[in-house]
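Listed here are the chains, written in short residue letters.
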Amino acid sequence: MCGIIGYVGEHQAVPVILDGLRRLEYRGYDSAGLAVMGAETIEVLRAAGKLANLEELAFDQPPRGSVGVGHTRWATHGAPTEANAHPQVDADGHIAVVHNGILENYADLRRELLDQGVPLASDTDTELIAQLLGRATGSLFERVEAVLSRLVGQFAVVAVSRDEPNTVVAFRNGPPLVVGVGDDEMIVASDVVALLHRTKRVIYLENGDIAVVHQHEAHIHNDGRAVDRPVETLDWDAGRMDKGGFRHYMLKEIHEQPDAIRNTVRAYLNADRTAVNLGDLGFDHDRLAEVRRIHLVACGTSWHACLVGKFLIERLTGLPTEVDYGSEYRYREPLVGPDVLVVGVTQSGETADTLAAMELGKDAGALLGTICNVRGSSSWRMAQARMLTQAGPEIGVASTKAFTTQLVAMVLLALALRQVRGLSDGTDTEIIRQLLRLPLAIEQAIEGSEEAYDQATQLLAEATDSLFLGRGCLYPIALEGALKLKEISYLHAEGYPAGEMKHGPIALLTEGFPIVTVAPATPTREKLLGNLMEVRARGAVVIAVAEREAADVAQVADIVLPIPAVDRLLQPIVTTIPLQLLAYRVAVELGLDVDQPRNLAKSVTVE
Ligand code: M6R
């Protein structure tokens, strides 16, 4: 959740750290801080609120030094105040620590330190790590080794010590850490986006690793032994990470969907684009052919992609498919074994709950796959078979292009399963043809109708509650539309299967209540229109996502957000676009921070 950076190199640390934190801010943005190794002391700057406050603090008299650490926080222990911001230091101010994660034995450690008379200056679990390191003896590496066994929970930590002015030490158990290898510098970070513009050569740290990082080298130990970790080269383009002339990352990312989808489709097709290339998917053909059941595990928006995936996979392959929240799977004792394909679906590849669910599947002998947007992430490295959605870096906290490429990946996965089960026929080539045309349909959906969006935006911006309705595999799209609206506009919105309205939610309706519905041409559209008549009869105002030419929808809906007609299997992807644009416009209309909505963070690396 938090963003971490550590620097040791040729240059002044503060500009590098602030630049890195700016790129990491989407991981947490309620306070920020940095520490730089000065000639005799470690200088610490911290500020509550957005990174801009820290930048202002550092602007006039930036601490000078070429070794340091920085942090942007998503609060767990203690309010987002200056005192609780990171870096946290030990009692003597000799050691400074930045941390992502949660210490589960926080209360015990805190009591122990207080009993020993250690003055604690914050409510954080991070300070406990700094204090423990300060009370241990030896080099910083030896102190980390000594303290590591005392820490229970999930953590990624970067520390500096006044006694070792040319060293940064990083250690992890859970949340990710990478070491960027530059020409005359090393950068440790929680996320490659912090260092991509400086180097593309990275070392991924594994759980239990302690990395002692100097300007030209990094020594890594795990469980008392020196270990070699490969230097990998990233293929992401740092240039894709600015706003590219758009007002917000979210809007830019909505507009990037035609390309993201095109790239994802093409990445997994054979040369003449008539079939899925299983080799590229990383699946062992025989092992995949043994699969009898599928479990899809994910959180948030990625979970909605799984709900659509269940429809697609069951319809196209006949394989029973279950969908679980990552946070629920391991606690429900799922019936999982070697005949199951468990797929962790995650944009970041770092969502703690999804990773834990995948771990459970792996331990039970299931074939483990992931649909993920970050090569080299934890889910990527854990899985036996991987599909990389080719969305590129997604910075806006509200997921857009990652979601639609996940939906594309679900179609490709279903096609792959058909292939290994010998089910492929003309249907497959037709689906592929439709997939190849999809980017154009997405472009048309993005074009939309200015007037309709203006009306719909006004309606929602003035409301306090709304309901999103869909049926079949468009019900998950209603859920996704409602999530998008609530996470960036803070308006209450719920998704429902349209047929459920009269079993309770219809009681909510009053004059002018907004209902948003996903209504492209399907065999159940007539039934949906019947449901809409019922809500209109009770005063609701209906905003429908439907084909421009759908006269039957136009008769029932007050506002139509237009989409082009596409094959039924691809309707979930195309109908998502207007709901993204609507949520975006409402948030802008309300003057809210679209890319960094309150209380959220892009990557949820704690349980
Ligand atoms: O990185 P992941 O896909 O695993 O993230 C899962 C959710 O945290 C994420 O989709 C979240 O719901 C987004 N903010 C939705 O826009």
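Quantities reported herein were computed from a predicted structural model and do not represent experimental measurements. (Residues numbered from 1 in each chain as written. Predicted model: local features only at pLDDT ≥ 70, side-chain atom pairs only at ≥ 80, totals over all residues. Heavy atoms only, no water.)

Undergrad: Before we go on, may I ask you to explain the site of the ligand in this structure?
TA: Not every one of the 13 residues close to the ligand is listed here, only the nearest: Ser302, Gln347, Ser348, Thr351 and Glu487. Note that an oxygen atom of the ligand is positioned 3.1 Å from one of the backbone N or O atoms of Thr301. One of the side-chain nitrogen or oxygen atoms of Ser302 is found 2.6 Å away from an oxygen atom of the ligand. Elements with a minimum of two residues in the shell around the ligand: helix H10 (300-317) and helix H17 (475-489). At 3 residues, H10 tops the list of elements feeding residues into the shell around the ligand. (Near = heavy atom within 4 Å. Polar contact = N/O pair within 3.5 Å; in protein donor to acceptor, adjacent residues only side chain to side chain. Helix = DSSP H or I, 4+ residues; strand = E, 2+ residues; numbered from the N terminus.)

Undergrad: So what exactly am I meant to see when it comes to the side chain of Ser348 here?
TA: Mapped onto the elements, Ser348 comes out in the loop between strand E18 (340-346) and helix H12 (352-363). Looking at Ser348, its side chain comes within polar contact range of the side chain of Thr346, at 3.5 Å. A distance of 3.1 Å separates a polar side-chain atom of Ser348 from the backbone nitrogen of Glu350. If we ignore the near neighbours within four places in the chain, the residues touching Ser348 are Val374, Ser377 and Ser603. (Contact = heavy atoms within 4.5 Å.)

Undergrad: How should helix H18 (residues 525-536) be read in this particular structure?
TA: Each full turn of the α-helix corresponds to 3.6 residues, which orients residues three or four apart in the same direction. Between its first and last C-alpha, H18 extends 16 Å over 12 residues, near the 16 Å set by a 1.5 Å rise per residue. Three or more residues of H18 are buried, namely Arg525, Leu528, Leu529, Asn531, Leu532 and Val535. Buried residues along H18 cover an arc of 155 degrees about the axis, so they all sit on one side. Exposed residues on H18 whose side chains face more than 90 degrees from its buried face are Glu526 and Lys527. (Expected span 1.5 Å × (residues − 1). Buried < 20%, exposed > 50% of the residue type's maximum accessible area, 1.4 Å probe, protein only. Arc of directions from axis to C-beta.)

Undergrad: Would you take a moment to explain the domain arrangement of the chain for this structure?
TA: A common measure of how large an interface is: the accessible area buried when the components associate. Assigned domains of the chain: these are domain 1 (3-240), domain 2 (248-446) and domain 3 (448-589). Here the C-alpha centroids of domain 2 and domain 3 sit 26 Å apart. Of the residues lining the interface, 34 residues belong to domain 2; the matching set on domain 3 comes to 29 residues. Here domain 2 and domain 3 share 10 residue pairs in polar contact (both at pLDDT 80 or more) between them. Mapped by element, the contributors of at least two residues to the side of domain 2 that touches domain 3 are helix H6 (249-255), helix H7 (257-267), H10, helix H14 (401-420) and helix H15 (426-447). Among the elements that take part in the side of domain 2 that touches domain 3, H10 stands out by supplying 10 residues, more than any other. Looking at side-chain class alone, the side of domain 2 that touches domain 3 contains 23 nonpolar, 10 polar and 1 charged residues. (Domains from an automatic or database assignment. Nonpolar A, V, L, I, M, F, W, Y, C, P; charged D, E, K, R; others polar.)

Undergrad: When you look at the packing of aromatic side chains in this model, what are you seeing that I'm missing?
TA: When we look at a pair of aromatic rings, we describe it by the centre distance and by the angle of the planes. Going through the model one piece at a time under the given rule, you end up with 2 aromatic pairs. Ring plane angle 70 degrees and centroid distance 6.2 Å describe the contact between Phe155 and Phe171, whose orientation is recorded as edge-to-face. Of the two residues, Phe155 is situated in strand E7 (residues 153-161) and Phe171 in strand E8 (residues 168-173); the sequence distance between them amounts to 16 residues. Taking relative accessible area as the criterion, Phe155 reaches 2% and is therefore assigned buried. Ring centres 3.9 Å apart and planes at 15 degrees place the aromatic pair Trp303 and Tyr325 in the stacked group. Of this pair, Trp303 sits in helix H10 while Tyr325 sits in strand E17 (residues 321-325), placing them 22 residues apart in sequence. Its relative accessible area of 13% is what places Trp303 among the buried residues. Tyr325 sits in the partly exposed class, given a relative accessible area of 35%. Here Arg598 stacks its cationic end above the ring of Tyr490, 3.9 Å away from the centre of that ring. (Phe/Tyr/Trp six-rings, centres within 6.5 Å; stacked < 30°, edge-to-face > 60°. Lys NZ or Arg CZ within 6 Å of the ring centre and 35° of its normal.)

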